[in-house]
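# Remarks on the overall topology
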Amino acid sequence: MAKTRSRQGGKSGYLLFLLPGVLLFTAVIIIPLIMNIGISFTRWQGIGTPQWVGLEHYERLIHDANFWASFRNILFIIVAMVVVPTLLGLFLAAVLFDYVGKRIGPGTASVFRSGLYLPQVLPVAVTGIVWGWFLNSSTGVFNSILDSIGLGFLAQNWLGDPQWALWSVMFVMVWVQLGYPVVMFMSGLQRVDPELYEAADLDGAGWWQKFTRIAVHLIKPEIYVVLVTTTISALKIFGQIFVLTRGGPGNSTLVPSYFAWQNFFEKFNAGYGAAISTVLTLIIIVLTYVFLRIQTADERRGA
Amino acid sequence: MTKAPAKASKPGGLATKTLVLAGLTIFTGLVLAPFLVVLINAFKSSEDYSQGGPLALPSTLYFQGMIDFWNRVEFGEKLWNSFVIAASVAVLAVIISVLNAYAIGIGRLRGRTAFLMFFLLANLLPQEALVYPLYYLSKQFDLYNTRLMVIIILTAIQAAFGTYLLSSVFRDFPPSLLEAAALDGAGKLRTLIRVVVPTSWPTLSVLFTFFFIWTWNEFFLPLIFLIDNDLQTVPLALAVLQGQREVDITTTAASALLGIVPAVLFFLIFQRTLTRGVMSGAVK
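Note that the coordinates shown come from a computational prediction; the quantities given were computed from them, not determined experimentally. (Residues numbered from 1 in each chain as written. Chains lettered and ligands numbered in written order. Predicted model: local features only at pLDDT ≥ 70, side-chain atom pairs only at ≥ 80, totals over all residues. Heavy atoms only, no water.)

### Here's the deal with the overall build of chain B
The helix and strand tally for chain B stands at 14 helices and zero strands. Put simply, chain B runs from its N terminus to its C terminus through helices and strands in the order α-α-α-α-α-α-α-α-α-α-α-α-α-α. Against the compact-globule benchmark of 19 Å for 284 residues, chain B has a radius of gyration of 25 Å, which places it well outside the compact range. Each principal axis of the C-alpha atoms in chain B carries an extent, and together these give about 75 × 75 × 35 Å. Across chain B, the fraction of contacts at a sequence separation of at least 24, relative to all contacts at a separation of at least 6, is 74%. Approximately 13300 Å² of chain B is accessible, and the part contributed by carbon and sulfur atoms is 66%. Positive and negative side-chain charges of chain B, numbering 20 and 15 respectively, have mean locations separated by a distance of 20 Å. (Helix = DSSP H or I, 4+ residues; strand = E, 2+ residues; numbered from the N terminus. Rg over C-alpha atoms; globule rule 2.2 N^0.38 Å. Contact = heavy atoms within 4.5 Å. Areas by Shrake-Rupley, 256 points an atom, 1.4 Å probe, with all protein chains shown as cover. Lys, Arg positive; Asp, Glu negative; His and termini not counted. Charge placed at Lys NZ, Arg CZ, Asp CG, Glu CD.)

### Some words on the overall build of chain A
Scanning chain A for helices and strands turns up 14 helices and two strands. Scaling as 2.2 N^0.38, a compact globule of 303 residues should have a C-alpha radius of gyration of about 19 Å, whereas chain A reaches 25 Å, well beyond that. Pairs at least 24 residues apart make up 67% of the contacts formed inside chain A by residues separated by at least 6 positions. Carbon and sulfur atoms form 67% of the exposed surface of chain A, whose accessible area is close to 14000 Å². Of the side-chain charges in chain A, 20 are positive and 15 negative, and the distance between the mean point of each set is 11 Å.

### Points about the interface of chain B and chain A
Counting residues at the interface gives 89 residues for chain B, matched by 87 residues for chain A. Roughly 7800 Å² is buried in total at the junction of chain B and chain A, and carbon and sulfur atoms are behind 82% of that figure. Our enumeration of links across chain B and chain A arrives at zero salt bridges. Scanning the region where chain B abuts chain A turns up eight residue pairs in polar contact (both at pLDDT 80 or more). (Buried area = accessible area lost by both parts, 1.4 Å probe. Salt bridge = Lys/Arg side-chain N within 4 Å of Asp/Glu carboxyl O. Polar contact = N/O pair within 3.5 Å; in protein donor to acceptor, adjacent residues only side chain to side chain.)

### A look at a nonpolar patch on the surface
Residues and elements named next belong to chain A. Together, Val79, Val83, Val84, Leu87, Leu88 and Phe91 give the surface a local cluster of nonpolar side chains, amounting to about 470 Å² of exposed area. Within the fold, Phe91 resides in helix α3 (residues 65–104). Judged by its relative accessible area of 46%, Phe91 is partly exposed. (Patch = residues over 30% accessible without salt bridge, like charges linked within 9 Å, V, L, I, M, F, W, Y side chains within 5 Å. Buried < 20%, exposed > 50% of the residue type's maximum accessible area, 1.4 Å probe, protein only.)

### Topic: the UniProt feature "transmembrane region" (unreviewed entry) in chain B
The sites that carry the UniProt feature "transmembrane region" (unreviewed entry) are, in the present numbering, residues 20–43, 79–102, 114–136, 148–170, 191–216 and 249–270 of chain B. Across residues 20–43 of chain B one finds 96% helix and 0% strand; the C-alpha atoms that close the span lie 35 Å apart. (UniProt positions renumbered as here; feature names shortened; annotations may be inferred.)

### Re the packing of aromatic side chains
Residues and elements named next belong to chain A. The final tally for this structure, using the stated rule, is 55 aromatic pairs over all chains. Both rings, one in Trp131 and one in Phe134, keep their centres 5.3 Å apart while their planes meet at 75°; by these two values the pair is edge-to-face. Here Trp131 and its partner Phe134 are both found in helix α5 (residues 124–134), three residues apart, which amounts to about one turn of the helix. Like Phe134, Trp131 is buried. Of note, Arg60 hangs over the ring of Tyr272, and the distance from its end group to the ring centre comes to 3.7 Å. (Phe/Tyr/Trp six-rings, centres within 6.5 Å; stacked < 30°, edge-to-face > 60°. Lys NZ or Arg CZ within 6 Å of the ring centre and 35° of its normal.)

### Describing the UniProt feature "transmembrane region" (unreviewed entry) in chain A
Residue and element names in this part refer to chain A. In this structure's numbering, the residues bearing the UniProt feature "transmembrane region" (unreviewed entry) are residues 12–35, 74–96, 116–134, 164–183, 223–244 and 270–292. The straight-line gap between the two end C-alpha atoms of residues 164–183 is 30 Å; of that span, 95% is helix and 0% is strand. Helix and strand shares over residues 223–244 are 86% and 0% respectively, and the end C-alpha atoms of the span are 29 Å apart.

### Here we look at the confidence of the model for chain B
Residues and elements named next belong to chain B. Averaged over all residues, the pLDDT of chain B equals 86, while 91% of them reach at least 70. Put simply, helix α1 (residues 3–9) is where chain B has its lowest mean pLDDT, 42, and helix α5 (residues 75–106) is where it has its highest, 95. Below pLDDT 50 for its whole length, residues 1–11 participates in seven contacts with residues either more than four positions away or in separate chains. Interface predicted TM-score (ipTM) for the complex: 0.86; the corresponding pTM is 0.87. (pLDDT = per-residue confidence, 0-100.)

### A few points about the confidence of the model for chain A
Close inspection of predicted coordinates is inappropriate for parts of the model with low pLDDT. Confidence along chain A averages 88 in pLDDT terms, with 95% of residues attaining 70 or more. Counted against residues more than four places away or in other chains, residues 1–9 of chain A, with its pLDDT under 50, gives zero contacts.

### Some thoughts on the UniProt feature "domain: ABC transmembrane type-1" (unreviewed entry) in chain A
Residues annotated by UniProt as "domain: ABC transmembrane type-1" (unreviewed entry) correspond here to residues 71–291 of chain A. In the segment residues 71–291 of chain A, helix accounts for 76% and strand for 0%; the C-alpha atoms at its two ends are 19 Å apart.

### Some remarks on the nonpolar core
In this structure, Trp133(A), Trp261(A) and Phe225(B) are the most contacted members of the largest nonpolar core, which totals 186 residues. If we ignore the near neighbours within four places in the chain, the residues touching Trp261(A) are Phe238(A), Phe242(A), Arg246(A), Glu266(A), Phe220(B), Leu223(B) and Ile224(B). (Core = buried A, V, L, I, M, F, W, Y, C linked by side-chain atoms within 4.5 Å.)

### Here we look at unusual backbone geometry
Following Gly248(A), the chain continues to Pro249(A) via a peptide bond in cis, the omega torsion being -10°. Structurally, Pro249(A) can be placed in the loop between α12 (239–244) and α13 (256–265). In this structure, Asn145(B) is a non-glycine residue whose phi angle is positive, near 65°. With respect to the helices, strands and loops of the structure, Asn145(B) is situated in the loop between α7 (128–140) and α8 (147–171). According to the relative accessible area criterion, Asn145(B) is buried, its value standing at 18%.

### Examining the pattern of salt bridges
Residues and elements named next belong to chain A. The final tally for this structure, using the stated rule, is six salt bridges over all chains. Residues Lys102 and Asp98 are paired through a salt bridge, measuring 3.3 Å at the closest nitrogen-oxygen approach. Residue Lys102 and its partner Asp98 are located together in helix α3, separated by four residues, close to a single helical turn. Under the relative-accessibility criterion, Lys102 is labelled partly exposed at 32%. Judged by its relative accessible area of 11%, Asp98 falls in the buried class. Note that Asp298 is salt-bridged to Lys220, the shortest N-O span being 3.6 Å.

### Focus on helix α6 (residues 141–148) of chain A
What α6(A) keeps buried is the set Val141(A), Asn143(A) and Leu146(A). On its buried side, α6(A) packs onto α5 of chain A together with α2 (13–42) of chain B. The positive-phi residue at the C-terminal boundary of α6(A) is Gly150(A), with phi of around 80°.

This is how it looks when you write it as structure tokens:
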């Protein structure tokens, strides 16, 4: 009895340490989040009294071509930020770890790894500036290379042509993202027990079989982490779009976060912007929940 | 069977090895090519650029473009702003993360899973879902257009991730160390400062590094909260400059280089910490 009491006293003692964090989170995250949901039910220009309009903004969203375009574009961005880097990253990590690391030397492998990771460290604004220049129609590096090797007829207005803009952004995002899965998967592969490989060798398994049956299977935790984190950052993409295309031309590269920003700070339509960002938040929460469920179910099956 | 004979015996091994190495070198070279293109063009004059194009080496090393750009955006001031914001956020967010994780991971508070889910969600939230109310509140409290506002917001967002990561690290904290401290009569605060923090220093330094770099690279919040030119951060100053029409290509290259250099420096300085952090983060 006395023991439980003293332990309980101990716990409330720890509660004190949570105080600064709780105050900060309440002020910066909880209150603003609730306010944002509230604002989404109002018509408000940011000044004056918000006017309650109920679900009007959400109804408008359903019929807004820009809203649907922004989510269609996000699916393409997910291909560029999640699907392609994960697949390519798996392949590169396997080659670097299994082949280069073991036959040539771990030093060489880590040099390649660092090289591939370098685009990840740049501020998004700098990435945008560099690629904006490379892809520029008249003064850009891309078109000038095409010109100089006699393929000038392939030159395009990469970011200014609605047909090409989204593909160009996707290309840039693959460049940015590739290094992240490579680093994650290589560190995951270090956990693979070499004895498993040797046993597989004895069974006559080829490289491909060992890769799919052993390596990919064992680094599943890393694959989940990469899939979840890159999907979420794809859904939240803002900086590159802001610097490269500002959602244009037309709505060909519009994404939800830029669309929300536009309504907040350009169109002074805070209610509509709040509705867009609330929907985006819901999607992210649901998606994370689904991912976590799949992951736990999978871990249970594996155990 | 083992790796050693495979290395020596295969006659085709050398050809494959060369092929794989060449392929990887070309691929990595292409990934890194933009850095090289930026580097060679940052030291060209406009005339040099229009004559030789983007891929030629500069005919003479021209520093004036870089110097003009530096003075034009007062780059030193922007570096200082970025540094002050990134360092403050990194220190404060590590402190908040440690305090939270101490209560959740070691104190084993009731409802800790709920707390953890909350912190995870706080980190996953799109900033757009917070930014307008924060913008409005900052104006009410006279914090709009101050570095302090950006520091407060980013501290909360980074600490959300830090709490999530650190709580799971602290859950496995050796109880014997805690018991020893308790036997010595150390209170909770003393145990935290004298035992927990020194023991988990490697993890804390990884967190610090992450927070510093993430904050340095941050674009969205400074874009909204730092309006005055003399408060702007490096990424913001570069993007704003780019929005002005009369900027020429060599200025673009010079500005991009000055944006890349600090990032690459951090990367080189912190590389080992970061790889270690990615590794420990992945398994958690």
